[in-house]
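Listed here are the chains, written in short residue letters.
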Amino acid sequence: MRIRTADPASLALMPSSDYIALVDVNSFYASAERAFNPSLEGIPVVVLSNNDGCVVTRSAEAKALGIPMGEPWFKLKHLASDAIPRGKRLVALSSNYELYGDLSSRVMELLGRYSAWVEVYSIDEAFLGVNGTPVQLRQLGRTMKDAVRRHVGVPVCVGIATTKGLAKLANKLAKHNPDFAGVCHWESIPEEVRDGLMSRLSVVELWGVATRLTKRLNAMGIHTILI
């Protein structure tokens, strides 16, 4: 059975799984554009909102330039000047939601081959029920990552853990720590290392915790995700 929905009421229908994998496309809109225009690889790319108003997606190279999410395009035009060498010149693209929707469907369909259930969380990420030993789970993560890259043309990171919240955290580590090579199985990390990581992360990093709740938790003396 494969369930492609984010409706919590459907969770009772899902086959049981020991682990949950979160597969997330990196900088999805920018990666989708690169899938159809490989010359954009390695170049700072931003995708703009409707009417080219502001930045809605940044490639890793654009993030390295310090471009914030939501920045108005008129403030960034100078970075796209022809006077800047092409490899460092910012490329801005109008959003193409038909393209992104098509690639999203391809990614989700492909992921369905590796799990009894797939819960689509957003256009660029999904939860999957998975089982196996730590070695098997890490290999499965690498297999999914390579398959999506090869067949759809976009890069993904995979986080695997016993809960959705921890899978989110594992995915974040997989994305930002090159030692994981894009795949992180949370339970494979030594406990003292996990505790060290969580002790350095603010509670705002927790899935579903926004600024207002963070302030309330801080007032209660809770500042990091390590409890």
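A brief structural summary. As the structure is a computational prediction, the values presented were derived from the model and not from experiment.

## Observations regarding the overall build of the protein
Reasoning step 1: Counting its secondary structure elements, the protein contains 7 helices and 8 strands.
Reasoning step 2: The buried share among the 227 residues of the protein stands at 43%.
Reasoning step 3: If you take every contact in the protein between residues at least 6 apart in sequence, the share linking residues at least 24 apart comes to 61%.
Reasoning step 4: Put simply, the protein shows about 11,900 Å² of open surface, and 54% of that area lies on carbon and sulfur atoms.

## Some words on the nonpolar core
Reasoning step 1: Core analysis: the biggest nonpolar cluster contains 30 residues, and L111, L128, V130, M144, V148 and V158 have the highest contact counts within it.
Reasoning step 2: Among the elements of the structure, β1 (19-25), α1 (28-36), α3 (97-111), β6 (125-130), α4 (134-151) and β7 (156-161) are those that each provide at least two residues to this core.
Reasoning step 3: If we skip the residues at most four places from it in the chain, M144 touches A21, V23, L111, Y114, L128 and V158.
Reasoning step 4: A161, A174, W186 and I189 belong to the second-largest nonpolar core, a separate cluster that totals 18 residues.

## What about the packing of α3 against α4?
Reasoning step 1: Contact geometry for α3 and α4: axes closest at 10 Å, N-to-C directions at 140°. In terms of orientation, α3 and α4 fall into the oblique class. Crossing of α3 over α4 shows right-handed handedness. Taking contact as the criterion, the partners of V107, L110 and L111 in α3 are, on α4, M144, A147, V148 and H151.
Reasoning step 2: Among the residues making up the contact of α3 with α4, the classes are represented as 6 nonpolar, 1 polar and no charged.

Cut-offs applied
Residues numbered from 1 in each chain as written. Predicted model: local features only at pLDDT ≥ 70, side-chain atom pairs only at ≥ 80, totals over all residues. Heavy atoms only, no water. Helix = DSSP H or I, 4+ residues; strand = E, 2+ residues; numbered from the N terminus. Buried < 20%, exposed > 50% of the residue type's maximum accessible area, 1.4 Å probe, protein only. Contact = heavy atoms within 4.5 Å. Areas by Shrake-Rupley, 256 points an atom, 1.4 Å probe, with all protein chains shown as cover. Core = buried A, V, L, I, M, F, W, Y, C linked by side-chain atoms within 4.5 Å. Axes fitted to C-alpha atoms, helices over the stretch in contact; angles between N-to-C directions. Parallel < 35°, antiparallel > 145°, perpendicular 65-115°, else oblique. Left-handed = near helix turned anticlockwise from the far one by under 90°. Nonpolar A, V, L, I, M, F, W, Y, C, P; charged D, E, K, R; others polar.

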